[in-house]
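# Observations on chain architecture
Here's the letter readout for the chains.
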Amino acid sequence: MFRRFLCTFLHLQPLILRPKPFKPTSPIPNLKPISPFPQIRRLSSQMGDFRRPISVPIPAVEKAGRSELLRALETSLGSGFSPDPLWHNPNPLIIVVSGPSGVGKDALIKKLRETREGLHFVVTATSREMRPGEVHGKDYYFVSKDEFLGMVERDELLEYALVYGDYKGIPKQQIREFMARGFDIVLRVDIQGAETLRKIFGQSAVFVFVMAESEVKLVERLIGRKTETKEALLVRVATAREEVKHVKNFDYVVVNAEGKLDNAVKLMESIIDAEKAKVLQRNAVI
Ligand SMILES: Nc1ncnc2c1ncn2[C@@H]1O[C@H](COP(=O)(O)OP(=O)(O)OP(=O)(O)O)[C@@H](O)[C@H]1O
C-alpha cells in the first residue's frame, strides 16, 4: 500500500522500484551496451539514479583502485561515465569598443593586443591621412575617398561613417574569416558607429564604453597627443561632452584613468572572461 502510494507520488511505475538486473558497462569486454541510444540511456539513468537501489557492492574508497571504483560506480548507476565535455566551447564574441575621442581606445587596444591571445582586432578602412608612426594594414587600411566609396557600393562594409571629414568603415569579410577560425573580434568605433552596430547586432555583441576619469583629464590627453589643430580640438572636446551621455546604450564601462592603462586592460580581460563563461551565450552573425 505504502509502495503504491510512493509510486503515485513520484509518478513512477511500480516496476522501477524493483532492483535492476546487473548490467555492467565498458570497460568490461564482450558486453552489449545498455541501450543503442546513448542520449536516452544517459537521461533515464540521470532521472532514476538517486532512487535506483545499489545492485553491486561498491568497494571501500581507501582500499579500491581508481578504475575499480569507477567501474563499480558505473555499474551501480547503470551507465558508463562519459568522457565528453560537459560544456561546449563558448561562441566567438564580437566586442565593440567605443568612447569619446582621446579617451584612450587605441592605447587600450594596443595593450590588449599584447596581453591577450585569440582576439582579432579588426583593421578599419579609412580615407584619412596616415599619422606619423601608423602602419598601413595594421593601424588602418588607408584608402582614397574613391576607393572607400567603391567598397560602400559593393556592400563590403558592415558600417561606415564620415568622422571629422574622413570616412571610416568596417570590412565584413575580415570579421567572417576570423570568426570562422574561432577568434573573438574587437571593433573600435566612434559613438555613432557603436549606435549603428547596436542596431545591427542588438544584444548579440558586447558593447564597451571607454571613459576618462574626468573631463579635464580627457582634454589634457587630447592636447598632449598633439595630433589636432586648435579648431579640431574644439570640435572633439565639444563632441566628447555630448558623447559621454550615450553610455547608457552600452553593456560595460571601462574607466581609463591617468597612468592606469593596465587597470583598464585588466578590466577589459575580465569582461571578456565573464562573457565567455555566460550560460546564455551571445551569438553574433554577419
Ligand atoms: N591611461 C592613460 N594615461 C595617460 N595617457 C593615456 C592613457 N590612455 C591613453 N593615453 C594617451 O592619451 C592620448 C589619446 O589616446 P588614444 O589616441 O588612444 O585615444 P583614442 O580614444 O583612440 O582617440 P581617437 O578616438 O581620437 O583616435 C594618447 O596620447 C595616449 O597615449
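Since the model is a prediction, treat every value here as computed from it, not as a measurement. (Residues numbered from 1 in each chain as written. Predicted model: local features only at pLDDT ≥ 70, side-chain atom pairs only at ≥ 80, totals over all residues. Heavy atoms only, no water.)

Moving on, we come to helix H4 (residues 105–115). Buried residues of H4: Lys 105, Leu 108, Ile 109 and Leu 112, and no others. Angular distribution of buried residues about the axis of H4 spans 95 degrees; they occupy a single face of the element. Among the exposed residues of H4, those pointing more than 90 degrees away from its buried face are Lys 110 and Glu 114. Considering only its buried residues, H4 is in contact with strand S1 (94–98), strand S2 (119–121), strand S7 (184–188), strand S8 (206–211) and helix H10 (261–276). (Buried < 20%, exposed > 50% of the residue type's maximum accessible area, 1.4 Å probe, protein only. Helix = DSSP H or I, 4+ residues; strand = E, 2+ residues; numbered from the N terminus. Arc of directions from axis to C-beta. Contact = heavy atoms within 4.5 Å.)

This part covers the packing of aromatic side chains. Applying the stated rule across the entire model yields seven aromatic pairs. Considering the side-chain rings of Phe 148 and Tyr 167, the 5.1 Å spacing of their centres and the 20 degrees angle between planes classify their relative orientation as stacked. Of this pair, Phe 148 sits in helix H5 (residues 145–153) while Tyr 167 sits in strand S6 (residues 166–171), and the two are 19 residues apart along the sequence. The pair formed by Phe 148 and Tyr 167 is uniform in burial state, with each residue classed as buried. Every member of this aromatic cluster is reached through a ring pair, and the members are Phe 148, Tyr 160 and Tyr 167. The ring centre of Phe 178 lies 4.8 Å from the NZ or CZ of Arg 181, which sits over that ring. (Phe/Tyr/Trp six-rings, centres within 6.5 Å; stacked < 30°, edge-to-face > 60°. Lys NZ or Arg CZ within 6 Å of the ring centre and 35° of its normal.)

In this structure, Thr 126 sits in strand S3 (residues 124–126). Overall, the relative accessible area of 0% leaves Thr 126 in the buried class. A distance of 2.9 Å separates the side chain of Thr 126 from the backbone oxygen of Tyr 167, its partner in a polar contact. (Polar contact = N/O pair within 3.5 Å; in protein donor to acceptor, adjacent residues only side chain to side chain.)

For the protein, per-residue confidence averages 84 on the pLDDT scale, and residues scoring 70 or more make up 81% of the total. Predicted confidence for residues 1–48 stays below pLDDT 50, and this span has 36 contacts to residues more than four positions away or in other chains. (pLDDT = per-residue confidence, 0-100.)

Around the ligand, a shell composed of 18 residues is seen, among which Ser 101, Arg 188, Arg 225, Arg 236 and Asn 256 lie nearest. Gly 102 places a polar main-chain atom, nitrogen or oxygen, 2.9 Å from an oxygen atom of the ligand. Take Ala 257: an N or O atom from its main chain is 2.9 Å from a nitrogen atom of the ligand. Protein chains bury 79% of the 640 Å² of accessible surface belonging to the ligand in isolation. (Near = heavy atom within 4 Å. Areas by Shrake-Rupley, 256 points an atom, 1.4 Å probe, with all protein chains shown as cover.)

Time to look at the sheet that holds strand S5 (residues 157–163). Spatial strand order, S4-S3-S6-S5: four strands in an open sheet with mixed pairing. Only two strands of the sheet have a single partner each, and these edge strands are strand S4 (140–142) and S5. Going from strand to strand, the sheet's axes swing by 25 degrees on average, the running direction of each strand aside. When S3 meets S4, the two strands line up parallel, connected through three bridges. From the neighbouring strand, Ala 125 faces S4, where its bridge partner is Tyr 141. Of the strands in this sheet, S5 and S6 touch helix H7 (residues 191–201), which is tilted by about 155 degrees from S5. (Pairing = 2+ DSSP bridges. Axes fitted to C-alpha atoms, helices over the stretch in contact; angles between N-to-C directions.)

What follows is about H10. Between its terminal C-alpha atoms H10 stretches 23 Å, which fits the 22 Å expected from 16 residues at 1.5 Å a residue. Against S1, H4, S2, S7, S8 and strand S9 (252–255) lie the buried residues of H10. (Expected span 1.5 Å × (residues − 1).)

Turning our eyes to something else, we now look at the pairing of S8. With five of six residues buried, S8 lies mostly within the body of the structure. Looking at chain direction, S8 and S9 are connected through four bridges and run parallel. Residue Val 208 lies in a different strand from S9, and its bridge partner there is Tyr 252.

Here we take up the nonpolar core. Within the largest apolar cluster, 22 residues are counted, with the highest numbers of intra-cluster contacts made by Ile 95, Val 97, Leu 119, Val 186 and Met 268. Where this core is concerned, the elements lending two or more residues are S1, H4, S2, S8 and H10. Sorting elements by how many residues they give to this core places H10 first, with five residues. One finds Leu 158, Ile 175, Phe 201 and Phe 209 within the second-largest nonpolar core, a separate group that totals 20 residues. (Core = buried A, V, L, I, M, F, W, Y, C linked by side-chain atoms within 4.5 Å.)

Here helix H8 (residues 215–225) crosses helix H9 (residues 230–243) at 155 degrees, and the two axes come no closer than 11 Å. Our classification of the angle between H8 and H9 gives roughly antiparallel. For H8 against H9, the interelement crossing comes out right-handed. Between H8, through Glu 215, Leu 218, Val 219, Leu 222, Ile 223 and Arg 225, and H9, the contact on the second element is made entirely by Leu 233, Arg 236, Val 237, Ala 240 and Arg 241. The residue makeup of the contact of H8 with H9, split by class, is seven nonpolar, no polar and four charged. (Parallel < 35°, antiparallel > 145°, perpendicular 65-115°, else oblique. Left-handed = near helix turned anticlockwise from the far one by under 90°. Nonpolar A, V, L, I, M, F, W, Y, C, P; charged D, E, K, R; others polar.)

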